[in-house]
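Tertiary structure, described
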Amino acid sequence: MSASREKRLRRELRDAEANSDTVKKQKKKKNKKPMTQAKAKKIRSAIGSAIAIVLVVIFIGLIFVNSGFMQTHATALTVGSHKVTPAEFNYFYHDAYYNIYSQYSSSGLWTYLVDSTKPIETQDCMMSQDGENWKEYLTRTAGDTALQVYALYDAAQEAGFTLDDDAKNTIETTRTNLDTYAASAGYKTADDYLEANYGKGADVDSYIQYLTVQQIATSYAKEKTSSFTYTDEELRNYYDENKQDFDKVTYRVFNVTTQDNDTAAAKETADNMKADLTGTEDSFVKAAQKYAPEDSAESYEDESYTLRSNQSYSAISSDYADWLFADGRSAGESEVFVTSSGYSVVMFVSRDDNNYNTVNVRHILVKVGTSGEDGTSTDADWEECKSKIDEIQKEWEATDQTEDDFAALATEKSEDTGSASNGGLYEDVYKGQMQTEFNDWCFDPNRKVGDTGIIKTSYGYHLMYFSGTGDPYWKSLADTAKRNADYTDWYNDYSASYTKKNGTIGQWFTNKDLPVLGSTGTTTTN
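Everything numeric in this text was worked out from a predicted model, so none of it was measured. (Residues numbered from 1 in each chain as written. Predicted model: local features only at pLDDT ≥ 70, side-chain atom pairs only at ≥ 80, totals over all residues. Heavy atoms only, no water.)

**Quick word on the overall build of the protein**
Regarding its fold elements, the protein presents 19 helices and 11 strands. In the protein, buried positions account for 37% of the 526 residues. For the protein, the share of sequence-separated contacts (at least 6 apart) that also reach a separation of at least 24 residues comes to 66%. (Helix = DSSP H or I, 4+ residues; strand = E, 2+ residues; numbered from the N terminus. Buried < 20%, exposed > 50% of the residue type's maximum accessible area, 1.4 Å probe, protein only. Contact = heavy atoms within 4.5 Å.)

Rendered as structure tokens:
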């Protein structure tokens with residue numbers, strides 16, 4: 001048999017087998033019985049039941065989610081051994097946001113941090129160094145705060161710490177005030193009010209518990225900080241070891257800006273000015289006026305234009321901060337320094353080592369009125385204010401004129417809410433803390449215990465009483481700084497084992513929608 005014939009036979013055989021399979025399939029299809037009506041109805045019923053079950057599950061799930069169960073039972077954050085629910089996490093999250101707003105809105109910086117026309121969710125957080133948006137930044141901040149709070153809370157429990165009556169009363173007052181806030185905002189209950197502000201699961205009991213934990217943590221931190229004790233020698237040594245952080249220097253500076261990349265000319269001007277100096281501030285003022293550029297010559301006519309008073313190390317240009325704070329620097333010394341824009345001629349004037357006593361003073365304030373059309377104080381306002389303080393002074397003079405008499409009168413008459421309840425007392429007042437007139441009266445070198453007098457500040461008129469001197473200011477600075485440093489060391493050691501971890505499922509049930517505060521309308525994130 002030839003090869004071609006063999007190939008043809010194999011092809012015919014394959015075609016026959018294929019035709020046979022097709023015939024079998026066709027026969028099988030012809031022999032297949034049609035579906036009965038009853039069977040079709042049964043299948044449709046099964047499909048309908050399955051769909052109904054899915055819908056019921058979805059419906060129940062929505063009811064379950066909206067009931068707030070997950071917000072009060074899931075774990076949004078784990079801190080140490082503490083499981084923080086989504087509702088509890090919302091307190092930390094939203095309070096972090098409102099605290100930031102409160103801090104920066106008072107200084108007018110809030111408008112630079114957020115765009116009030118856009119949802120927070122879409123905006124990068126300028127406060128973050130990690131390129132986070134506001135939601136990411138606040139989530140991290142809330143977690144960090146929770147870690148700190150629960151670590152301190154645990155430490156307080158271990159130490160047997162309990163809140164004092166004042167702290168407990170503050171918390172209970174908050175509970176009472178919630179009802180008032182809710183009613184004034186148009187909510188039926190305080191629970192409704194809290195849920196509207198913090199999200200599902202928020203209620204009075206959980207919020208009060210949140211505040212209680214916060215208060216215990218804060219109060220224990222204060223107690224721990226105040227528990228450290230130091231000898232005068234320890235504080236003196238601490239100050240001397242860190243005096244660059246405490247001392248202030250006064251100096252004069254004249255900047256020579258390089259023009260048209262001519263650094264040689266700028267250097268010559270700076271050197272010539274330094275050569276004209278004779279070690280006195282007056283020589284510096286005159287030299288600055290001599291070498292001042294024409295477009296700023298008028299500014300240098302003011303003798304204080306080159307003066308920098310009581311500057312801390314961190315506030316001074318790094319080009320010459322070390323030189324100014326070098327030990328043994330003498331008044332009148334000067335030097336030329338290279339800067340990023342040219343050269344600076346600097347003269348050292350003085351260094352303040354804070355070696356003076358703070359003062360304790362009482363006062364009675366009568367605030368001046370603001371009846372002017374633009375909200376300013378008129379002459380009549382000031383006259384009325386002076387008349388009132390004169391009357392109070394007469395009442396004081398009618399007493400035995402003891403400090404206790406003054407304190408009682410201050411509690412009754414003073415309009416300074418910061419000191420009235422304490423008899424008008426301010427303790428350990430340091431130089432520059434108060435307004436100029438107040439400061440100058442307190443630190444008059446001839447001032448003695450029992451002195452009184454009337455001064456005028458932008459607030460109004462004050463009747464003053466000099467109570468005495470306090471600790472040296474250097475000691476107060478060292479004590480505060482060392483106390484804070486020792487507390488930080490203690491906290492870092494105690495909390496080293498604490499970690500925080502966001503709960504993946506729990507975070508789904510947190511409420512991170514935020515209003516864009518400071519805007520005329522309300523914009524929230526999605």
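**A word on the sheet that holds strand E1 (residues 77–79)**
Read from one edge to the other, the open sheet built from 3 strands follows the order E2-E1-E11, with strand pairing classed as antiparallel. In this open sheet, the two strands that pair with only one neighbour each are strand E2 (82–84) and strand E11 (500–502). Taking the axes of each pair of neighbouring strands and ignoring which way they run, one obtains an average angle of 15° across the sheet. Sheet topology note: the E1/E2 ladder contains 3 bridges and is antiparallel. Note that in E2 the partner of Val79 across the bridge is His82. (Pairing = 2+ DSSP bridges. Axes fitted to C-alpha atoms, helices over the stretch in contact; angles between N-to-C directions.)

**Here we look at the environment of Thr306**
With respect to the helices and strands, Thr306 occurs in the loop between helix H13 (281–291) and strand E4 (307–311). The class of Thr306 is buried, set by a relative accessible area of 3%. Contact partners of Thr306, with chain neighbours within four places excluded, come to Tyr251, Arg252, Val253, Phe284, Ala288 and Tyr300. In this structure the side chain of Thr306 is engaged in a polar contact, spanning 2.8 Å, whose partner is the side chain of Arg252. (Polar contact = N/O pair within 3.5 Å; in protein donor to acceptor, adjacent residues only side chain to side chain.)

**Describing the side chain of His94**
Counting through the fold element by element, His94 comes out in helix H4 (residues 86–105). The exposure class assigned to His94 is buried, which follows from its relative accessible area of 1%. Separated by 2.6 Å, the side chain of His94 and the backbone oxygen of Asn511 make a polar contact.

**A word on the nonpolar core**
Grouped together as the largest cluster of nonpolar side chains are 78 residues, with contacts concentrated most on Tyr97, Trp110, Trp134, Leu138, Leu194 and Cys442. It is helix H6 (residues 134–158) that contributes the most residues to this core, 13 residues altogether. Excluding residues within four positions of it along the chain, Trp134 makes contact with Tyr93, Tyr97, Ile100, Trp110, Leu113, Val114, Ile120, Gln123, Asp124, Cys125 and Met127. Formed by 15 residues, the second largest nonpolar core is a distinct cluster that contains Val256, Ala266, Ala292 and Met347. (Core = buried A, V, L, I, M, F, W, Y, C linked by side-chain atoms within 4.5 Å.)

**A word on the pairing of strand E6 (residues 342–352)**
Taking burial as the measure, the 11 residues of E6 include 8 buried ones, the bulk of the element. As paired elements, strand E3 (residues 248–257) and E6 share 10 bridges and run antiparallel to each other. Bridge assignment links Arg252 to a residue of E6, and that residue is Met347. Where strand E5 (residues 334–338) lies against E6, 5 bridges are found, and the strand directions are antiparallel. Note that in E6 the partner of Val336 across the bridge is Val345. If you look at the hairpin formed by E5 and E6, you'll find 3 residues sitting between the two strands.

**Examining the pattern of salt bridges**
Applying the stated criterion across every chain yields a total of 26 salt bridges. Sharing partners across several salt bridges, the network here consists of Glu132, Arg140, Asp144 and Lys500. (Salt bridge = Lys/Arg side-chain N within 4 Å of Asp/Glu carboxyl O.)

**Here's the deal with the packing of aromatic side chains**
Summed over the entire model, instances satisfying the criterion amount to 39 aromatic pairs. Residues Phe161 and Tyr220 carry aromatic rings whose centres are separated by 5.6 Å and whose planes lie at 65° to one another, so their mutual orientation is edge-to-face. Taken together, the positions of Phe161 in the loop between H6 and helix H7 (165–184) and Tyr220 in helix H9 (residues 204–226) put the pair 59 residues apart, joining distant regions of the chain. Given the relative accessible area of 13%, Phe161 is considered buried. (Phe/Tyr/Trp six-rings, centres within 6.5 Å; stacked < 30°, edge-to-face > 60°.)

**Regarding the packing of H4 against H9**
One way to put it is that H4 packs onto H9 with a least axis distance of 10 Å and a crossing angle of 65°. Considering the angle they form, H4 stands roughly perpendicular to H9. At the point where H4 passes H9, the crossing takes the right-handed sense. Counting all contacts with H4, which are made through Tyr91, Phe92 and Asp95, the residues of H9 involved are Ser206, Tyr207, Tyr210 and Gln214. A breakdown of the residues in the contact of H4 with H9 according to their chemical character gives 4 nonpolar, 2 polar and 1 charged. (Parallel < 35°, antiparallel > 145°, perpendicular 65-115°, else oblique. Left-handed = near helix turned anticlockwise from the far one by under 90°. Nonpolar A, V, L, I, M, F, W, Y, C, P; charged D, E, K, R; others polar.)

**A closer look at the environment of Ser334**
As for its position among the elements, Ser334 is in strand E5. As a C-alpha pair, Ser334 and Lys274 span 60 residues in sequence and 7.1 Å in three-dimensional space. Leaving out residues up to four positions away in the same chain, Ser334 has contacts with Lys274, Leu277, Trp323, Val346 and Met347.

**Quick word on helix H10 (residues 232–241)**
Considered for burial, the residues of H10 that qualify are Leu235, Tyr238 and Tyr239. One side of H10 holds all its buried residues, which, seen down the axis, span an arc of 100°. Away from its buried face, by an angle of more than 90 degrees, H10 presents the exposed residues Glu233 and Glu241. Those residues of H10 that are buried are in contact with helix H11 (243–246) and helix H18 (473–495). (Arc of directions from axis to C-beta.)

**Some details on the sheet that holds strand E7 (residues 357–367)**
Strands belonging to one sheet form pairs held by backbone hydrogen bonds; the direction of such a pair is parallel or antiparallel. Spatially, 4 strands are ordered E8-E7-E10-E9 in an open sheet, and the strand pairing comes out antiparallel. Each of the sheet's edge strands pairs with one partner strand only, and the pair in question is strand E8 (425–429) and strand E9 (452–457). Geometrically, the sheet is characterised by an average inter-axis angle of 40° between neighbouring strands, direction not taken into account. Bridge count for E9 against strand E10 (residues 460–472) is 6 bridges, and the pairing is antiparallel. Opposite Lys456, over in E10, you have Tyr461 as the bridge partner. Here helix H16 (residues 403–413) sits on the sheet in contact with E7 and E10, set at roughly 45° to E7.

**Structural notes on the confidence of the model for the protein**
Across the protein, the average pLDDT comes to 89, with 86% of residues at 70 or higher. This stretch, residues 56–60, has a pLDDT under 50; its non-local contacts, to residues over four places away or in other chains, come to 0 contacts. Counted against residues more than four places away or in other chains, residues 520–526, with its pLDDT under 50, gives 20 contacts. (pLDDT = per-residue confidence, 0-100.)

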